[in-house]
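# Survey of secondary and tertiary structure
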Amino acid sequence: MRVTAPVVHLSDVVAGYDDRPVLHGVSLTVAAGEVVAILGDNGSGKSTLVNAALGLIPLRSGQAALFGVPVARFRQRHRVGFVPQRVGAAGGVPATVGEVVAAGRLARRGLFRPAREADRRAVAEALAAVGLTDRERDPVATLSGGQQQRVLIARALAGEPDLLVLDEPTSGVDAASQAAFAGTLRGYVARGGTVVLVAHELGPLEPLVDRAVVLHAGRVRHVGPVPPPVGHHADPGHDHVHPHAPQRAGRLWNGGVRP
């Protein structure tokens, strides 16, 4: 029987920024078709974990692989869609919604090849999935924060990835946009997609999650069902909108931003 390699595999990873380690011996395996939530308090290492898994930061020690290939040698970037944490959808460049979403096709078709019918169809389907078909020709700057976040999700979906990595996709987003995003993600998972979802808390995304990984101080403290909320997060009617500071823009990486 043919054994399929894990979509994501981390083994005893130590990683961080400059001279400061953030992750301390983290291991994680994500199988095809799984929805795995990475949870924890601010500063626990959630974003660092996905950056290490995607090869966006170097490892101090340990191993990381995507689809069975060490990240340092992984070249099939079209297989991964990355939605970074709270960056502007146009990155400060004047662009329409359709232009930003079409950028998600570049890793699959190549930078200098003209768009084909398959590319145009994928963009149209991605816009429909996030409910922004009627805004395709509008400047991204005219959209609300929640709508801009949906543009980033559409850009990742347009690349038709096998793996979708989402870093705090609903932070600072209104409840209606959170519900719309949950519906979009449900459709992606139903088509066989794999999801790694970073969140401070899950809100309407919780029913989609197969397994939760809770980090604390850069170490894995829990793997299994989503733990119940504690403190003020357990209060009835607690608002799940948590604003975060804008993330520094960087190089485009298949629908995401590379530090």
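Before reading on, note that the structure itself is shown above.
The present account deals with the structure reproduced in this document. The model shown is predicted, which means the values in this text are computed figures rather than measured ones.

### Remarks on the nonpolar core
Grouped together as the largest cluster of nonpolar side chains are 37 residues, with contacts concentrated most on Val-101, Leu-164, Leu-166, Leu-185 and Val-195. When contributions to this core are tallied by element, the ones reaching two or more residues are β3 (35-39), α2 (97-102), α4 (117-129), α5 (145-158), β7 (163-167), α6 (175-190), β8 (194-199) and β9 (211-216). Among all residues touching Val-101, those that are not within four sequence positions of it are Val-123, Ala-126, Leu-127, Val-151, Ala-154, Arg-155 and Ala-158. The next biggest cluster of nonpolar side chains, apart from the first, holds 31 residues, and it includes Val-8, Val-13, Leu-23 and Phe-82.

### Re empty space enclosed by the protein
Scanning all chains against the criterion turns up three cavities of 30 Å³ or more. Of the voids in this model, the second largest cavity is the one considered here, and its volume is about 50 Å³. In terms of lining residues, the second largest cavity is bounded by Val-8, Leu-28, Leu-49, Val-50, Ala-53, Leu-54, Val-165 and Val-196. Here the lining of the second largest cavity takes three residues from helix α1 (residues 46-53), the largest share from any one element. Residue composition of the lining of the second largest cavity, by class: eight nonpolar, no polar and no charged.

### Details of α5
Helix length check: α5, at 14 residues, gives a terminal C-alpha distance of 20 Å against a target of 20 Å (1.5 Å per residue), a fit within 8%. Among the 14 residues in α5, twelve count as buried, and that is most of the element. All buried positions along α5 are accounted for by Gly-146, Gln-148, Gln-149, Arg-150, Val-151, Leu-152, Ile-153, Ala-154, Arg-155, Ala-156, Leu-157 and Ala-158. A positive backbone phi angle near 50 degrees is found at Glu-160, which sits one or two residues after α5.

### Re the sheet that holds strand β2 (residues 20-30)
Pairing is antiparallel across the open sheet formed by four strands, whose spatial order is β2-β1-β4-β5. A single partner strand is all that each edge strand has here, and the edge strands are β2 and β5 (69-70). Relative to β5, strand β4 (residues 59-66) runs antiparallel, the two sharing two bridges. Looking across to β5, one finds that Leu-66 is bridged to Val-69. Strands β1 (8-17), β2 and β4 of the sheet are contacted by α1, whose axis makes an angle of about 115 degrees with β1.

Conventions used here
Residues numbered from 1 in each chain as written. Predicted model: local features only at pLDDT ≥ 70, side-chain atom pairs only at ≥ 80, totals over all residues. Heavy atoms only, no water. Core = buried A, V, L, I, M, F, W, Y, C linked by side-chain atoms within 4.5 Å. Buried < 20%, exposed > 50% of the residue type's maximum accessible area, 1.4 Å probe, protein only. Helix = DSSP H or I, 4+ residues; strand = E, 2+ residues; numbered from the N terminus. Contact = heavy atoms within 4.5 Å. 1 Å grid on protein atoms, 1.4 Å probe; cavity = no way out; pocket = protein on both sides within 12 Å on 5 of 7 lines; lining within 4 Å. Points joined across faces, edges and corners; volume = space filled by probe spheres on them. Nonpolar A, V, L, I, M, F, W, Y, C, P; charged D, E, K, R; others polar. Expected span 1.5 Å × (residues − 1). Pairing = 2+ DSSP bridges. Axes fitted to C-alpha atoms, helices over the stretch in contact; angles between N-to-C directions.

The values reported here are purely geometric and, on their own, carry no functional implication.
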